[in-house]
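Listed below, chain by chain, are the residues.
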Amino acid sequence: MFFLDSRQRVLLCLSGPSSSFRFLSFTSMRHISCPDTEKEMFNCLIWMLVLLCSCIADENSIRDADIFPSSPEIERGSTLKLFCVLGKRYTPHRNASHIIWKLNHELVPQENYNIVNETISSITIHNFTYSKAHVKCFTKYLGKEQLLVHTEVKTGFPPETPGNISCIYYFDAKLTCTWTSGRETHLTTNYTLYRKMMTEGGVTLPNTVRSCQNKTESCSFVYPDTPFSSSFCFQVKAENVLGEASSDCVPIPMEKIEKFEPPEILSVKKITGIKQLLVVTWKMPDKIIPSQDLICQVQYRNLYSNSLEIVTVPQNSADKTGSCNLTGLWDSTEYSVAIQCRSVESIFWSEWSREKTASTEEKAPSEKVDLWRVIESSHSAGSRSVYLMWKPLNSFPPSGRILGYKIQYFPENHPALKMTNNSTNEKIILLLNEEAYNISITAYNSAGNSPEAILRIPSIGEKTSQVIETVRTFTTNEEVVVEWIASKPEVTEYVVEWYEELETDPFGRSWQYVSNSTNWKTNKKNFKPFICYNISVYPLYGYKVAAPYSVQTYVQEKKPSEGPVADTGVPGKNEVTIKWKEISKDKRNGFISNYTIFYKPEDGKELNETVNSDVLQYRLKSLQANTQYTVYIMASNEAGGTSGEPKTFKTLKFNKEDIIFIALPVGVSMLFLLGLWITCILKKHTFKKVCWPDIPNPAESIAVEWPLDTSMNNSFLKGVTPEAKTIDCEDVSVLEHCFPEESQEGSLLMNCENHVSECTDINTKGVINGDKNILYNEENEVGKCFSPSMPYIITDQDIRSQMHSALIPAKEIQPIEMLEDDLCESQQTSIKNEEDDNEEVLKLEDFSEKALFNPYLKNSVKTREFLISENLPEHRKNELKSQSAVLPPFQQNVAGQSYITLDMFGLATAH
C-alpha cells in the first residue's frame, strides 16, 4: 500500500472495466513509510478514501476530456509539459490528432505537439517565462474548433533562506518575531517559526520545540506559550511547491528583547513660591520582568516653542512610581510632558505616555502693550469718539495669563480729573470732549501690572507739523515694503497703520511700531490680493502723535471685475458726449490707469479714444450724420482691461445750426410778409389811391343827365329795357383780351382823345345855345361815342365781382373816361350857364379850346372785357365768347374813337 502526503496527488487510478491501470498525471512522487502511530494510520486511511473518490470522479470526467496536471505551478524559465486526454464520448470519430493547443488565445505551433496514443496529446513549451498564463485544449473536426478543457499555469521561484530574525517580548503577554524572506517567489509560500531551547553547547533540548505558521514575514506566540528564558533560539523555514529553505537557529535572550507598556503620568505641578519649576510623577506598568533596573526619559516642551527637552531618570523595577523635577523653565509658561521607560538590558523603549500639560509660576508682565487709537470726527456737541485698541504682550517668554487691562485717562490741563476703566477685551471706545487727553493702559495678572503704555489725544483743531515728506510702497515675492523720508532726523519712532479702503470699522485696522528705521516690511499674507489698502505712517514724539502721510496700494492686481457703463446722452449731427461713472471700488481690483472709448458705425470700422483715469466724459467728433453707432468703454489697470456693456446711439440728420439756418430765412420771410400784410391793411386806402386812383363816374355827374335811349343804342346794352332800366348780364358779350401792338397804341389813344374832344364840343355847343334839345343832342353824341362800331374791351377779373347782380340800372351806365378835372368843370359850367348868364358860355368856349387829352388816360387799362357770369352754362359761355370775337378791332389813328373804363359799369342799385 502507498500513502500520499497532503500536498501530493495519486499516481495511478483504476480505469475501465478491465481494471487495468492507466498513467494519468503526476506532480511529484514519494513513497511514504507505513505509519508508526495510530494517529498517523488514521490520517492515511482518510487520504486513501479521498483518493478513491477522486479516482472515481476522474473516471467519469475522463470520458469527455481532461488536462493534466491541473493548475500547475512551475519554476519560471523551465519547461512546461501538459497532457490532454479525450474521453469515450469523442471516440471513435475523433482521436488525438484532432487536438490543438492555444496559449492565451494564440495557437501553439504544431512542432510542440506530441501524440502519446489515440486519446492523449501532449504539449511541450521550453523556457516558459509567463508569470501567469491560460492553456486551452481544443478539437478541430471538419473545420470547426471545440473547446475541451483549459487550465491556468503559474510560474515562480523556490524560496530563499529567511534572514534578519528579530523578536520583541512582552512579559506574560506575547512574543513576536519578524524576518526577511528574500526574493519574491510569486507563488504561495508558507513560513514556519520554530522556538527551541538550547544548551550552552548548542544542543536542542527535546520536547522544547514550538512552532507557528503564517504566510507573511512575522509570527507570534501568545500567552501562556510565552515563558521567560535566556536560552531560546529562533529558526524560520520557508517552503512552496518548488522547494523549501530554512535559516539557522538564532539565539536571542528574552531580557534583551523585552518591551513593556508606557508608564502613566499621574501629575505635573508647580510649587507655590518657586518659579520656573514643575514636578512630574508617574506610575510604572505591572507586567515587567522582575528584579531588573529600569531607566526612564521625561520629555517636555513649552507651547510657544517647537524645541523638545529630555531628562533621563533611573528607576528601580521594585518601585511602582517615579518622579522628576523640571527646572530652568520659563515663568508663566505652559509645558507639555511625556514619559517613556525600558529595562536596562533591553534594546526597546516603551511607547511615549499620553501628554499632560501644566504652567509654571506667574510673574508680573514685563512689557507694555502696543497701544493705538483712531479718532473720530467731533460731534455737534463738541464731543468725539476715540477708539482705543492694543495688542497682547509681545514679550518672550510671556509673563503669564493676562487677567485684564486698566485704562486711565484725564484732560491734559486737569490731571486731577483722572478716570479709570477696566476691560478684559483688547479694545474700548472713549467719549471725550474737545480738550487734549493723556491715556494710559496697563495689563495685569495675579503677580502684578505691566508698565504703562501712554498716548496723547490732541485737542479739536490742534495742528501738528508734517514731518514725513514722502512715502513709497512696493512688493517683492514674499513681502510688502513701505519706505518713507522724514524731514526731522530726531524722530526715531513711527507707527505704520494699514487697513482696507472699504473698511468702516475703526477696530478693523492694523498697526505696528517701528523704531530707528525709515522702512517697514511685512509678509504678503497680511494683505489680501486685489484689495486697495490705505497705508499711513505716523511719527511719534514720545507719546505725542504727529501728522501722518498716507498712500494707497495693491499688493496684487487683476483686471477689473466689470467695465464702465456708457451714457450717450443726446447725440448731435457729427458729435456726441459720452459719459460714464467710476467703477465701484470693490470691483476695480487695481488702480485704474485709463479709459478707452470704442465706437463703431454700422457696417464700419471700429475706432477708439483713450483718456486718463480722472476723465469721466469725452466728446466724440467727426461722426457721420444720421448714422447708428455702437459704443462701449474699457477700464484698464496694470493687469488688463474690462469692457462695459455696449450702447447704441444715432446721430442727428440736422444739428441746431442747420435748423437755425433753415428756420431763420423762413422766419424772416414770414415776418416780412406779416408786416407787409399788416401794412397793407393799415395803409390800404393810401395804396388804393396810389395804385388804383378813383376815376369820376359820369353817371354820378350833376352836369348832365344821360338819356336812356341813347345808351340803349349801344351793342353791349341790348338787354336793357326802358321798363326795367336794367341790363341782362346774359346779353353782355365778353371779348377776348386784346392788346394792340405798340404801333397801334398811339393811334388808339389819339382816336379816343379826338372822340372825347368831339363829344365835349357838342356838349358845349348845346349848352351855349340853350336849346331844349341840348340833352337830346348830347344823348345822340354820347350814343355815337358808344356806337357798336367801336370795340369795348372790359377785363373780367376787374368787374366780375361787380356783375354778380343779374340786372344793372340803365341810368347808371354813363361814359366816364373823360378828362377828370376839365370835363367835370365844363359840365358844371354848362349847367350854370343855363341858370345864370351867357358869360359862362365864353368860359366854356375858352375851356373847350384848351381841352386836351389827359396823359393819365394814356396809361390806363388798355384792354377791357365783359364779365361772364360763373352761373352760366358752358355752351352759353362759348356763345358769348364767339360773339365777342366778331367785334371790330381797334382802328389806328381814327378820329373820334373813344373807349370805356372799368367804372363805367356800376353795380345795380335800387332807386
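Details of the structure are given in the entry above.
Read on for a plain summary of the structure. (Residues numbered from 1 in each chain as written. Predicted model: local features only at pLDDT ≥ 70, side-chain atom pairs only at ≥ 80, totals over all residues. Heavy atoms only, no water.)

### Here's the deal with the overall build of the chain
Under the convention used in this document: Helix and strand labels come from DSSP, where a helix needs a run of H or I of at least four residues and a strand needs a run of E of at least two; each type is numbered from the N terminus. Only protein chains enter the accessibility calculation, which uses a 1.4 Å probe. A residue is then buried if its area is under 20% of the maximum for its type, exposed if over 50%, and partly exposed in between. It only takes one pair of heavy atoms within 4.5 Å for two residues to be counted as in contact. The protein chains shown are the only cover counted for residues, whose accessible areas, like all others here, come from Shrake-Rupley with a 1.4 Å probe.
Counting secondary structure elements, the chain contains 11 helices and 49 strands. Residue burial in the chain is summarised as follows: out of 911 residues, 41% are buried. In the chain, the share of contacts with a sequence separation of at least 24, taken over all contacts with a separation of at least 6, comes to 67%. For the chain, the accessible area works out to roughly 51700 Å², and carbon and sulfur atoms hold 51% of it.

### Examining a nonpolar patch on the surface
Selection rule: Exposure above 30% relative accessible area and the absence of a salt bridge qualify a residue for a patch, where like charges join within 9 Å and nonpolar side chains (Val, Leu, Ile, Met, Phe, Trp, Tyr) within 5 Å. By definition here, a salt bridge exists when the distance from a side-chain nitrogen of Lys or Arg to a carboxyl oxygen of Asp or Glu is within 4 Å.
A contiguous nonpolar surface patch, about 640 Å² in accessible area, is contributed by L671, L674, W677, I678, I681 and L682. Here W677 shows up in helix 2 (residues 656–682).

### Overview of the state of the cysteines
Where we set the bar: Here, the term disulfide refers to a pair of cysteine sulfur atoms separated by no more than 2.5 Å.
On inspection of all chains with the given rule, the structure shows 5 disulfides. Here C212 connects covalently by a disulfide to C219, the sulfurs 2.0 Å from one another. Both residues of the pair, C212 and C219, belong to the buried class.

### Description of the environment of N112
Checked against the element boundaries, N112 lands in the loop between strand 7 (106–107) and strand 8 (113–115). Each C-alpha atom, one on N112 and one on I123, is 5.6 Å from the other, the two residues being 11 residues apart in sequence. Among all residues touching N112, those that are not within four sequence positions of it are S122, I123 and T124.

### As for the pattern of salt bridges
Enumeration according to the criterion identifies 14 salt bridges in this entry. The shortest N-O distance in the salt bridge between R195 and D225 comes to 2.8 Å. With R195 in strand 14 (residues 190–197) and D225 in the loop between strand 16 (218–222) and strand 17 (232–240), the pair connects residues that are 30 residues apart, well separated along the chain. Judged by its relative accessible area of 27%, D225 falls in the partly exposed class. Salt bridges here are not isolated pairs; linked through shared partners, they connect E412, R456 and E462.

### Here we look at the sheet that holds strand 21 (residues 277–283)
Sheets are built from strands paired through backbone hydrogen bonds, the pairs being either parallel or antiparallel. Applied cut-off: Any two strands between which DSSP finds at least two bridges are classified as paired. Where helices are involved, their axes are fitted lines through C-alpha atoms of the stretch in contact, as for all axes, and angles between N-to-C directions lie from 0 to 180°.
Sheet architecture is open: 3 strands sit in the order 20-21-24, paired in antiparallel fashion. The strands lining the two open edges of the sheet, one partner per strand, are strand 20 (264–269) and strand 24 (321–327). Within the sheet, the average angular offset between the axes of one strand and its neighbour, ignoring direction, is 20°. Relative to strand 21, strand 20 runs antiparallel, the two being bridged by 5 bridges. Bridge assignment links I265 to a residue of strand 21, and that residue is W282.

### Overview of the packing of aromatic side chains
We count it as follows: Two rings from Phe, Tyr or Trp (for Trp, the six-membered ring) form a pair when their centres are within 6.5 Å of each other. A pair whose planes differ by under 30 degrees is stacked, one over 60 is edge-to-face, and the rest are tilted. When the NZ atom of lysine or the CZ atom of arginine is within 6 Å of a ring's centre and also within 35 degrees of its normal, the charge is said to sit over that ring.
Enumeration over the complete set of coordinates arrives at 17 aromatic pairs. An aromatic cluster of at least three residues, connected via ring pairs, comprises W498, W520, F527 and Y533. The positively charged end of R195 is found above the aromatic ring belonging to F221, 4.9 Å away from the centroid. Sitting above the plane of the F530 ring, K558 keeps its charged end 4.8 Å from the centroid.

### Concerning the sheet that holds strand 31 (residues 427–432)
On the basis of which strands lie adjacent, the open sheet formed by 3 strands has the order 27-28-31 and antiparallel pairing. The two strands at the open ends of the sheet, each matched to only one other strand, are strand 27 (370–375) and strand 31. Strand-to-strand twist in this sheet, taken as the mean axis angle between neighbours without regard to direction, amounts to 25°. The pairing of strand 28 (residues 384–391) with strand 31 spans 6 bridges and is antiparallel. Each bridged residue has a counterpart across the sheet, and for R384 the counterpart in strand 31 is L432.

### Thoughts on the pairing of strand 32 (residues 437–445)
With 8 of its 9 residues buried, strand 32 lies for the most part within the structure. Of the pairings in the sheet, the one linking strand 29 (residues 404–411) to strand 32 comprises 8 bridges and is antiparallel in character. Across the sheet, the residue bridging to I407 is I441, located in strand 32. In this sheet, strand 34 (residues 453–457) lies alongside strand 32 in antiparallel orientation, the contact comprising 5 bridges. Note that in strand 34 the partner of S440 across the bridge is I454. Relative to strand 33 (residues 448–449), strand 32 is paired through 2 bridges, and the arrangement is antiparallel.

### Some words on helix 2
Formally: Expected helix span is given by 1.5 Å per residue-to-residue step, counting one fewer step than there are residues. Two axes enter the bend calculation: one fitted to the seven residues ending at the residue in question, the other to the seven starting there, and the bend is the angle between them.
The end-to-end C-alpha separation of helix 2 is 37 Å, in line with the 39 Å expected for 27 residues at 1.5 Å each. Considering bend angle alone, the principal kink of helix 2 is centred on A663 and spans about 25°; proline P665 follows within four residues of it.

### Some points on the nonpolar core
Heads up, the rule is: Nonpolar cores are built from buried Ala, Val, Leu, Ile, Met, Phe, Trp, Tyr and Cys residues. Side-chain atoms within 4.5 Å join them into one set.
With 28 residues, the main nonpolar core has L388, W390 and I407 as its most contacted residues. Sorting the residues of this core by element identifies strand 27, strand 28, strand 29, strand 31, strand 32, strand 34 and strand 40 (533–541) as the ones contributing at least two each. In terms of residue count, the dominant contributor to this core is strand 28 (5 residues). Counting residues in each nonpolar core, the second largest holds 24 residues, with A65, L80, W101 and F128 among its members.

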